[in-house]
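An overview of the molecular structure
Okay, here's what each chain looks like letter by letter:
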Amino acid sequence: MKKVLYIGWIGFGNLGDELLWNVFKELNKHYNYSTKIEIVPSLPGVDINHTEEYDTVILGGGSLLLPGYMAALKQAIDLGKDVFIWGSGLDWITKEQLDIINSGQSLSLEKTFTEKDIILFRETLEKAAFVGVRGPITKKVLETFGINSEKIKLIGDPGILLNPPAVIRKKEKIAAINWGTTFNRLYGQDEAAIENALLQVSKKLIKSGYKILLYVVWGSDREASKRLYDKLNDPLNVTYDPSLYSEEELIEKLSVCSLSINFKLHANILSLAGNVPCIALGYRFKVFDLFQSLGLENLVVSTDSDTLALDIMEGIQEIELNNEKIIEQYKKRKEHFSPLIIEPIKNNFTVD
C-alpha cells in the first residue's frame, strides 16, 4: 500500500482550495483506481511536519509556495520521501515587486523573503521529484532564487480541469459579481474603495439593462457581499445569494450569465469553466500569475488603481466585443495544461 500525503489549505470552507483537492481526488479515482494508494489530506489535525509514515508528499494546488510548507517538504525529502509540487503558486509578492518583474528588470525580494527562506526554497525544490507551478510569474521568481529553470515546469492551475455543465443553458443579461474580504491584505489596502467601485459599476450595468447576481465562495465573504447589496438597494435588479455551493453547482449557476467580475481567485476559474468571460480584481500576485498563464492578463484590473471603476468598465467593454474569443483562448490553455496537470497522477507519482 502506497501512502500519499496531500498538503492543501483544506477543511476551512474556502471553495477554491476545496475544489483543488476535489480535482486531485477525482483524478486519482480515474487513473489509480486499480492500484493500492491511500491518500491522506492535510485536514486540521494532520501534522504535515511528520511524514515518516508516507511514501510520497504532494504540495497541492493553491498559493502554497511559502517557507512553512517548504520546511515540511524539506523534512520529507530528508527522510527519503518523494515530493511533488502540483500546480502550486506564490502569492505574497508586493505590487512594486510585481511591476518590476513584469518590466523585465532585476528583482530583489528582500521585503518578502529572507536569505534563509531563499536557501530553503532552493534546497527543497532542487531535490523535489517534480516541480509543477501554477503560473509564469511564479516560475520567474523561483528562477531568481537560483533554482534551475528546467526543473520548474509550468503546468497551470489544476482548477482548469473543471468542466462546463452537461446541459448548456441560454445566456441571460446577468453580470455575476463575487465580492468579499481579505481583511485588507491586498494591493492598495483599501477594500472600501473597491466596494465603492463595484457599486458604481453595478449601477451602470443596471442602467444598460443587466441584472446583477452577488455571490460568495467563502463564508467570511457574506458580510461584504450583503453590504454591497444593501447599498445598491434595488431588489428588482439585484440578487444576493449567500449560499456556499459546490464547484459543480456554482459553475451551473454562473453558466447562464453573460459576464462576471470576481474578487476571489478561483471564482474566475469557475466562471470560465461555465463559458462565462470574467474581469478579475487583481488584489494580489496570484491573480496576475493565473491570468498570465491563461493568456488573459488584459482582463485583470489592479485593486490599487485610482481609476478602478473605469478600468472595470473598459474590461466589460472588452468582454462584450470579444466574448467568444476570450472563451476560446481559455479552452486553448485548458487543452495545453490538462495533460501536464494529469501526468504525475497518471504516472502514479513515479519519476523516470
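Located above this text is the structure these notes cover.
In this report, we go over the structure that sits alongside the text. (Residues numbered from 1 in each chain as written. Predicted model: local features only at pLDDT ≥ 70, side-chain atom pairs only at ≥ 80, totals over all residues. Heavy atoms only, no water.)

Comments concerning the packing of aromatic side chains
The full count for this structure, using the stated rule, is 16 aromatic pairs. Pairing Phe84 with Phe349 gives two aromatic rings, centres 5.9 Å apart and planes at 75°, and the pair type is edge-to-face. With Phe84 in strand β4 (residues 82-88) and Phe349 in the segment after α11 (308-346), this residue pair connects regions lying 265 residues apart in the sequence. Overall, Phe84 belongs to the buried group, its relative accessible area being 3%. Here the aromatic rings of Phe263 and Tyr283 are separated by 4.7 Å at their centres, their planes lie at 40°, and the arrangement is tilted. In this pair, Phe263 sits in the loop between β10 (259-262) and α9 (265-273) while Tyr283 sits in the loop between β11 (278-282) and α10 (285-294), placing the two residues 20 residues apart along the sequence. Among the residues examined, Tyr283 registers a relative accessible area of 2% and is labelled buried. Here the aromatic residues Tyr6, Trp21, Phe24, Phe84, Trp86, Phe130 and Phe349 are joined through ring pairs into a cluster of three or more. The ring centre of Tyr210 lies 4.9 Å from the NZ or CZ of Lys173, which sits over that ring. Lying over the aromatic face of Trp92, Arg284 brings its terminal NZ or CZ to 3.9 Å of the ring centre. (Phe/Tyr/Trp six-rings, centres within 6.5 Å; stacked < 30°, edge-to-face > 60°. Helix = DSSP H or I, 4+ residues; strand = E, 2+ residues; numbered from the N terminus. Buried < 20%, exposed > 50% of the residue type's maximum accessible area, 1.4 Å probe, protein only. Lys NZ or Arg CZ within 6 Å of the ring centre and 35° of its normal.)

Notes on the sheet that holds strand β7 (residues 174-178)
If you trace the six strands from one edge of the open sheet to the other, you get β9-β8-β7-β10-β11-β12, paired in parallel fashion. Each edge of the open sheet carries a strand with a single partner, namely β9 (238-241) and β12 (300-302). In this sheet, neighbouring strand axes are inclined to one another by 20° on average, regardless of whether the strands run parallel or antiparallel. Here three bridges tie β10 to β11, and the two strands are oriented parallel to one another. Looking at the pairing, Ile261 lines up with Ile279 of β11. Across the sheet, α10 lies against β11 and β12, angled at about 145° from β11, the strand it touches most. (Pairing = 2+ DSSP bridges. Axes fitted to C-alpha atoms, helices over the stretch in contact; angles between N-to-C directions. Contact = heavy atoms within 4.5 Å.)

These results come straight from atomic positions and should not be treated as a statement about function.
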